[in-house]
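Summary of structural features
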Amino acid sequence: MEFNTIGIIGAGIMGSGIVQVCAAAGHEVVLVDVTDAAVRKGIAAIGSSLDRAVSKGKLSAVDAASTLERIRGTTDYASLSRCGLVIEAATENPEIKRRILEQVDAIVGPDAIIATNTSSLSITKLAAEISRPDRFIGMHFFNPVPAMALVEVIRGLQTSDITHERVKALAIRLGKTSVAVKNSPGFAVNRILCPMLNEAIFVLQEGLTSAEEIDAGMKLGCNHPIGPLALADMIGLDTLLSVLETFYEGFSDPKYRPAPLLKEMVDAGRLGRKTGRGFYEYTET
């Protein structure tokens, strides 16, 4: 069974990317955020992304226009009442996510599926916040969503088979490859990736070499398409820190201890690309 209308909560980088791929796949999409300005910014980002795809010959102007026409932005959660699927894509903060999920649960129909785009938080724990935990699941998209082919589909302890199968089928319709993962801090990909990024920050902190040399070494020596520090900047250093802290707490293992330099950079507001400065400096183009 396909989802006719999909709701997305959060108009940031991840949310707007998820909106774009859902609308491009033919779904009507309701985008919700807390302010009109945030909604407008999210839709503008989608428009810019579609324009780039058109300029590169990856998408026709007609298809780009049709995609935008299928998106409706609002600050009213009541607009989600007719959605067969709602994907929460707010910041990686458990309290914020819980508040959002409670609001969604009170609005959507009894057959609706609620998903969270978390990169590390417990699906089982979040599912316990809603009245129908069997219809709750994790959908972990990767940034940038329109370009990245993977979606981790994460089952909580309560997730039903039908919920899991319907969400896996949706991922295929969105042009993604889905990987089924059990609930665990960081799931599969970030469980492997984030400690590597953290170790690169430790190497920089200890003065073994420069950020540029670390990234060049991993690109040329390990055939990575982007260096770990540049990738950390792209992810957002605050997001990376949040994930590592979740690992540290969830596993009680010192190998997941966030690098002190990472904490200091987050304290300084140097969060990477989104603030214009992280391990590298960025300018608007």
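Please read these numbers as outputs of a predicted model, since none were measured by experiment. (Residues numbered from 1 in each chain as written. Predicted model: local features only at pLDDT ≥ 70, side-chain atom pairs only at ≥ 80, totals over all residues. Heavy atoms only, no water.)

1. Considering the pairing of strand β1 (residues 5-9)
Among the five residues that make up β1, four are buried, leaving the element largely enclosed by the rest of the structure. Direction of pairing for β1 relative to strand β2 (residues 28-32): parallel, over a ladder of five bridges. Bridging across to β2, G7 finds its partner in V30. Of the crossover connections in this fold, the one passing from β1 over helix α1 (residues 13-24) to the parallel β2 is right-handed. (Buried < 20%, exposed > 50% of the residue type's maximum accessible area, 1.4 Å probe, protein only. Helix = DSSP H or I, 4+ residues; strand = E, 2+ residues; numbered from the N terminus. Pairing = 2+ DSSP bridges. Right-handed = clockwise from strand over helix to strand, strands pointing away.)

2. A closer look at the environment of R135
By secondary structure assignment, the location of R135 is in the loop between α5 (123-127) and β6 (136-141). For the pair formed by R135 and I114, sequence separation is 21 residues and the distance between their alpha carbons is 6.3 Å.

3. Description of helix α4 (residues 94-107)
Spanning 14 residues, α4 covers 20 Å between terminal C-alpha atoms, matching the ideal 20 Å at 1.5 Å per step. Taken residue by residue, α4 has K97, R98, I100, L101, V104 and D105 as its buried positions. Buried positions in α4, seen along its axis, are confined to an arc of 165° and lie on one side of it. Tucked inside the fold, the buried residues of α4 contact β1, β4 (85-88), β5 (113-116), α5 and β6. Between the side-chain oxygen at the start of α4 and the backbone nitrogen of E95 there is a gap of 3.0 Å, and the oxygen is on N93. (Expected span 1.5 Å × (residues − 1). Arc of directions from axis to C-beta. Contact = heavy atoms within 4.5 Å. Polar contact = N/O pair within 3.5 Å; in protein donor to acceptor, adjacent residues only side chain to side chain.)

4. Comments concerning the pattern of salt bridges
In total, this model carries eight salt bridges according to the counting rule given. Residues K274 and D238 are paired through a salt bridge, measuring 2.8 Å at the closest nitrogen-oxygen approach. With K274 in the segment after α11 (260-267) and D238 in helix α10 (residues 237-251), this residue pair connects regions lying 36 residues apart in the sequence. The partly exposed category is assigned to D238, whose relative accessible area is 26%. It is possible to trace a salt-bridge network through shared partners that takes in E88, E92 and K97. (Salt bridge = Lys/Arg side-chain N within 4 Å of Asp/Glu carboxyl O.)

5. With respect to the side chain of T246
Examined against the element boundaries, T246 turns out to sit in helix α10. Exposure remark for T246: the relative accessible area of 17% places this residue in the buried category.

6. Points about unusual backbone geometry
Residue N143 is joined to P144 through a cis peptide bond whose omega torsion reads 0°. Mapped onto the elements, P144 comes out in the loop between β6 and β7 (150-155). At F187, a residue that is not glycine, the phi angle is positive and equals roughly 60°. On the secondary structure map, F187 appears in the loop between β8 (177-182) and α7 (189-205). Judged by relative accessible area, which is 4%, F187 ranks as buried. In this model, S252 sits at a positive phi of 50°, which is unusual for a non-glycine residue. By secondary structure assignment, the location of S252 is in the loop between α10 and α11. Of the residues examined, S252 reaches a relative accessible area of 62% and is grouped as exposed.

Read these as geometric descriptors, not functional statements.
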